[in-house]
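Structure at a glance
Spelled out, the chains give:
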Amino acid sequence: MIAIGCDHGGYELKLEIKKYLDDNGFEYIDFGTDSTASTDYTIYAKKVTDAILSGECDKGILLCGTGIGISMAANRRPGIRAAVCTDCFMAEATRSHNDANVVCMGGRVVGAGLAVKIVDTFLHTDFSNGERHIHRIAMIEEMNQ
Ligand code: RB5
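As the structure is a computational prediction, the values presented were derived from the model and not from experiment.

With that settled, the discussion passes to the overall build of the protein chain. Looking only at helices and strands, the protein chain features 6 helices and 5 strands. Since a compact globule built from 145 residues should have a radius of gyration of about 15 Å, the 14 Å found for the protein chain is in line with a globular shape. In terms of principal-axis extent, the alpha carbons of the protein chain reach across some 40 × 30 × 25 Å. Residues classed as buried in the protein chain amount to 46% of the 145 residues present. Of the accessible surface of the protein chain, which amounts to about 7,300 Å², a share of 50% is contributed by carbon and sulfur atoms. Counting 14 positive and 20 negative side-chain charges, the protein chain places the centres of these two groups 3 Å from one another.

Following the criterion strictly, the structure yields 8 salt bridges and no others. A salt bridge links Lys19 to Asp23; the nearest nitrogen and oxygen atoms lie 3.3 Å apart. Of the two residues, Lys19 and Asp23 both sit in helix 1 (residues 11–23), 4 residues apart, roughly one turn of that helix. What makes Asp23 exposed here is its relative accessible area of 55%. Glu141 is the salt-bridge partner of Arg81, the closest N and O atoms lying 3.9 Å from each other.

Rules of the game
- Residues numbered from 1 in each chain as written.
- Predicted model: local features only at pLDDT ≥ 70, side-chain atom pairs only at ≥ 80, totals over all residues.
- Heavy atoms only, no water.
- Helix = DSSP H or I, 4+ residues; strand = E, 2+ residues; numbered from the N terminus.
- Rg over C-alpha atoms; globule rule 2.2 N^0.38 Å.
- Buried < 20%, exposed > 50% of the residue type's maximum accessible area, 1.4 Å probe, protein only.
- Areas by Shrake-Rupley, 256 points an atom, 1.4 Å probe, with all protein chains shown as cover.
- Lys, Arg positive; Asp, Glu negative; His and termini not counted.
- Charge placed at Lys NZ, Arg CZ, Asp CG, Glu CD.
- Salt bridge = Lys/Arg side-chain N within 4 Å of Asp/Glu carboxyl O.

Don't take any of this as a statement about function, it's just geometry.
Now the structure itself:
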């Protein structure tokens, strides 16, 4: 199950990504926002990461104007590895190397066509399980101690 959320800056992009998820048979829960009215990206970062940390969802998609603010908020949660991606190389690398569980993008940065390809890459790339990557991810988590 995928958790998706956005603020007003990512709302239009979310509609395009939901269309991709629907067309490709992915199950998801949309945690809002539901319009382009100004709101706080922190609200949706919390809702989406809560869903992942509770086990309700296993991956998340977060969208704001740049992808940056919402990723900063998401990355405050231990166990969340949220990656801002602006191309498919980043999406593949962050799954393979960082075992990222949330992809973040900016509705004012990437077009819908590229964003959909980034999501497709993110969802279809497995973690490498490389020893060095497991070690580094463990070190990230230790930074929360
Ligand atoms: C909202 O205007 C904007 O600041 C937000 O969507 C995001 O880009 C923050 O990082």
